[in-house]
2 protein chains.
Amino acid sequence: MKSGVPSTSPFRLPSWAIRLARRQPNQIVAASDRMRFVIQLALTNITAQTGGPFGAAVFESHTGRLIAVGINVVEPTNCSLAHAEVVALANAHRTLRQFDLGTPGLPKLELITSCEPCAMCYGAILWSGVRKVVCAARGSDATAIGFDEAPKPKNWVATLEDRGIAVTRDLCRDEAIAVFQRYQQAGGRIYNARKRLT
Amino acid sequence: MKSGVPSTSPFRLPSWAIRLARRQPNQIVAASDRMRFVIQLALTNITAQTGGPFGAAVFESHTGRLIAVGINVVEPTNCSLAHAEVVALANAHRTLRQFDLGTPGLPKLELITSCEPCAMCYGAILWSGVRKVVCAARGSDATAIGFDEAPKPKNWVATLEDRGIAVTRDLCRDEAIAVFQRYQQAGGRIYNARKRLT
């Protein structure tokens, strides 16, 4: 199986995302290049109008081999769970046939995401078995254009790191913010859970 | 389509769960009866050895019509995301073809779960659109047999309620704990994310 493209996905990806994953080199070595691929997923998702301005991918940490991709497909899949990180993790589980991506015998895996995880995705990362998370935009950058990230534990970074999941933030942050701004300027839909009652 | 049984599921349910859902009456009126059905899902999941001791379901709040069921199928689906609540919510989205279960025009929906949500499921509930969550066991009851629930915001109940999601706890708690204890006594597998480093 070609890396990065699961045979079947619990969250169906648009065909452009599968083609884009297939066009990637076998290994993407530099962390910033991995992130730029993920930001390209986010950007193409909004220009193709297939979802929100978020992308993610799972890579082998050492080799840079692409294991799985994810984009926000909440609207086209009619599923509130289909955040980019959840989709990427679900596809990685499917591709590797492993519910623990940190199981002995697997290469160390990392999640690259164009935005810090929301409350749900923070929890999903904890259970997934990835050993590292690299984020571009801050959660506050997403809320700045109207998305609701919902409260995580205040010490969420320390919680991940205490459990052996390294966290890197702000890699290519400006490029990810630019995708958010483009989405906002294009009048992209901001769907939310319920607004906080005031 | 028969209620409670999606035509296709992003997380495949074992056949016994589909049969059990089909055998339910069209409406389950009492909250405790809804919870007992969910605890029966959790119990059957361990006796059938198809996953962990957790069950959940989405109901129409007023009528008691069963919309979707979920059980923990992390191991058989090879997916760390496949907690009972996530599976039930994903199936509800699939059945109703709606990414917002609280959208105008839909009856109010509620999630009944045999255990309080973990960190991930707390976030998933926020995004789902359900208007109420009813829990049996406490998170601390799950950690008492070795499961890792991971830190949620300390005020997670208030966070849900502030966003219009009512929370009821401890309904049939002892019955849900009994399922946990049975799982533990049977030597059921306790899979975790990484243990907290000490």
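Please refer to the structure placed before this passage.
A brief look at the structure comes next. (Residues numbered from 1 in each chain as written. Chains lettered and ligands numbered in written order. Predicted model: local features only at pLDDT ≥ 70, side-chain atom pairs only at ≥ 80, totals over all residues. Heavy atoms only, no water.)

A tally of regular secondary structure across chain A gives 8 helices and 5 strands. Mapped in sequence order, the helices and strands of chain A form the string α-α-β-β-α-α-β-α-β-α-α-β-α. Computed over the C-alpha atoms, the radius of gyration of chain A is 15 Å, within 12% of the 16 Å expected from 2.2 N^0.38 for a compact globule of 198 residues. Seen through its C-alpha atoms, chain A measures out along the principal axes to roughly 50 × 35 × 30 Å. Counting across all 198 residues of chain A, residues that qualify as buried make up 60%. Across chain A, the fraction of contacts at a sequence separation of at least 24, relative to all contacts at a separation of at least 6, is 68%. When the accessible surface of chain A is split by element, carbon and sulfur atoms take 47% of a total near 7800 Å². Separation of charge centres in chain A, based on 24 positive and 15 negative side chains, amounts to 6 Å. (Helix = DSSP H or I, 4+ residues; strand = E, 2+ residues; numbered from the N terminus. Rg over C-alpha atoms; globule rule 2.2 N^0.38 Å. Buried < 20%, exposed > 50% of the residue type's maximum accessible area, 1.4 Å probe, protein only. Contact = heavy atoms within 4.5 Å. Areas by Shrake-Rupley, 256 points an atom, 1.4 Å probe, with all protein chains shown as cover. Lys, Arg positive; Asp, Glu negative; His and termini not counted. Charge placed at Lys NZ, Arg CZ, Asp CG, Glu CD.)

All right, on to the interface of chain A and chain B then. Every contact between the two is made by 47 residues of chain A and, on the other side, 47 residues of chain B. Summing both sides of the interface, chain A and chain B together bury roughly 3900 Å²; the carbon and sulfur share of this comes to 61%. The interface formed by chain A and chain B contains 8 residue pairs in polar contact (both at pLDDT 80 or more). Those elements giving two or more residues to the side of chain A that touches chain B turn out to be α3 (74-77), α4 (84-96), α5 (119-128) and α7 (156-162) of chain A. It is α5(A) that provides the largest number of residues to the side of chain A that touches chain B, a total of 8 residues. (Buried area = accessible area lost by both parts, 1.4 Å probe. Polar contact = N/O pair within 3.5 Å; in protein donor to acceptor, adjacent residues only side chain to side chain.)

It is worth spelling out the side chain of S61(A) at this point. All names here are of chain A. Within the fold, S61 resides in the loop between β1 (55-60) and β2 (66-71). By relative accessible area, S61 is classed as buried at 17%. A distance of 2.8 Å separates the side chain of S61 from the side chain of E110, its partner in a polar contact. In contact with S61, other than residues within four places in its own chain, are R34, K108, L109 and E110.

Bringing the environment of G52(B) into the picture now. One can find G52(B) in the loop between α2 (31-47) and β1 (55-60). Excluding anything up to four places from it in sequence, G52(B) contacts A42(B), N45(B), I46(B), N72(B) and Y183(B).

Attention now goes to unusual backbone geometry. Negative phi characterises most residues that are not glycine, and trans characterises most peptide bonds. Residue and element names in this part refer to chain A. Not every positive phi belongs to a glycine, and R97 is a case in point at roughly 55°. Summarising the element assignment, R97 is placed in the loop between α4 and β3 (109-115). Unusually for a residue other than glycine, D170 sits at a positive phi of about 70°. Relative accessible area serves as the criterion here: at 32%, D170 is assigned to the partly exposed category.

For the rest of this paragraph, the subject is α5(A). In terms of burial, α5(A) is largely enclosed, as 10 of its 10 residues are buried. On its buried face, α5(A) sits against α4, β3, β4 (132-137) and α7 of chain A together with α5 (119-128) of chain B. Two residues or fewer after α5(A) comes G129(A), characterised by a positive phi angle close to 100°.

Residues and elements named next belong to chain A. Taken as a whole and judged by the stated rule, the model has 9 aromatic pairs over all chains. Taken together, the ring pairs in this structure connect F54, F147, F180 and Y183 into an aromatic cluster. One cation-aromatic arrangement involves K152 over W156; the distance from NZ or CZ to the ring centre is 4.6 Å. (Phe/Tyr/Trp six-rings, centres within 6.5 Å; stacked < 30°, edge-to-face > 60°. Lys NZ or Arg CZ within 6 Å of the ring centre and 35° of its normal.)

Moving on to the packing of α2(B) against helix α8 (residues 173-185) of chain B. Residues and elements named next belong to chain B. It is at 10 Å that the axes of α2 and α8 come closest, and there the two elements cross at 5°. Between α2 and α8, the interaxial angle falls into the category roughly parallel. Of the residues in α8, those in contact with R36, I39, A42, L43, I46 and T47 of α2 are E175, A176, V179, R182 and Y183. (Axes fitted to C-alpha atoms, helices over the stretch in contact; angles between N-to-C directions. Parallel < 35°, antiparallel > 145°, perpendicular 65-115°, else oblique.)

Residue and element names in this part refer to chain A. According to the stated counting rule, one finds 20 salt bridges over all chains in the structure shown. E116 is the partner of R138 in a salt bridge, and the nearest nitrogen-oxygen pair spans 3.8 Å. Here E116 lies in the loop between β3 and α5 and R138 lies in the loop between β4 and α6 (139-144), a separation of 22 residues in the sequence. A relative accessible area of 23% means that R138 is categorised as partly exposed. (Salt bridge = Lys/Arg side-chain N within 4 Å of Asp/Glu carboxyl O.)

The two copies are related by a screw motion: chain A maps onto chain B through a turn of 180° and a shift of 0.0 Å along the axis, at an RMSD of 0.0 Å. Here the symmetry operator amounts to a two-fold rotation axis. Mapped onto chain B, 100% of the interface residues of chain A are again interface residues, and the two copies thus contact each other with one and the same surface. (Least-squares fit on C-alpha atoms with pLDDT ≥ 70 in both.)

The next subject is the environment of A137(B). All names here are of chain B. With respect to the element layout, A137 can be found in strand β4 (residues 132-137). Accessibility expressed as a relative area gives 0% for A137, which makes it buried. Considered as a pair, A137 and C172 are 35 residues apart in the sequence and their alpha carbons are 7.6 Å apart. Aside from chain neighbours lying at most four places away, what touches A137 is S114, C115, E116, R173, A176, I177 and F180.

A few words now on the sheet that holds strand β3 (residues 109-115) of chain B. All names here are of chain B. Strand order in the open sheet made by the 5 strands is β2-β1-β3-β4-β5, with mixed pairing throughout. Because the sheet does not close on itself, it has two edges, and the strands there are β2 (66-71) and β5 (166-168). Averaged over all pairs of adjacent strands, the angle between strand axes in this sheet comes to 15°, irrespective of strand direction. Taken together, the 5 bridges between β1 and β3 define a ladder with antiparallel strand orientation. (Pairing = 2+ DSSP bridges.)

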